[in-house]
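Summary of the model geometry
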Amino acid sequence: QVQLVESGGGLVQPGGSLRLSCIASGFSFSDFSMNWWRQAPGKEREMVAGISRYGRSTTYADSVQGRFTISRDDAKSTVYLQMTSLKPEDTAVYFCYARDLGDRRYWGKGTLVTVAS
């Protein structure tokens, strides 16, 4: 019953912007920290951004610092990733990831972001 459903991926030109959304269901969203991870062909899955419960703190990979912004809306059980100044190296499948203090971990199935001219 637990679901994390990503949306918003697509094709965008370098320098463009895109907003990803992840809608959660089947668990108490407010009890979980939320994260975005990504995986490009031939590379390991890497953490992109994270946000704590109630949005009290955020963290970003160095590669996206200053370009991406993570946010959450607990009333909508949704986490967002606003991506700006996109680069070809941002091309990857982006995954939504939830984790609570009891170490329960849930993953979405991913949405593809392609940055190309």
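Heads up: these notes are all about the structure in this document. Here the structure is a predicted model, which means the values were calculated and not measured.

1. Looking at the environment of Asp 62
With respect to the helices and strands, Asp 62 occurs in the loop between strand S6 (58–60) and strand S7 (68–73). The class for Asp 62 is exposed, based on a relative accessible area of 73%. Here the alpha-carbon distance between Asp 62 and Ala 49, two residues 13 residues apart in the chain, equals 9.7 Å.

2. Here's the deal with the side chain of Ser 21
Following the sequence through the fold, Ser 21 ends up in strand S3 (residues 18–25). If we skip the residues at most four places from it in the chain, Ser 21 touches Val 5, Glu 6, Ser 7, Trp 36, Thr 78, Val 79 and Tyr 80.

3. Let's talk about the state of the cysteines
Under the defined criterion, the tally for this structure stands at one disulfide. A disulfide bridge connects Cys 22 with Cys 96, and the sulfur atoms are separated by 2.1 Å. On the sign convention where negative means left-handed, the S-S torsion of about -85 degrees between Cys 22 and Cys 96 marks this disulfide as left-handed. Residue Cys 22 is found in strand S3, and its partner Cys 96 is found in strand S9 (residues 92–100); the two are separated by 74 residues along the sequence. Classification of Cys 22 by relative accessible area gives buried; the value is 0%.

Definitions and limits used
Residues numbered from 1 in each chain as written. Predicted model: local features only at pLDDT ≥ 70, side-chain atom pairs only at ≥ 80, totals over all residues. Heavy atoms only, no water. Helix = DSSP H or I, 4+ residues; strand = E, 2+ residues; numbered from the N terminus. Buried < 20%, exposed > 50% of the residue type's maximum accessible area, 1.4 Å probe, protein only. Contact = heavy atoms within 4.5 Å. Disulfide = S-S within 2.5 Å.

The values are spatial; any link to function lies outside them.
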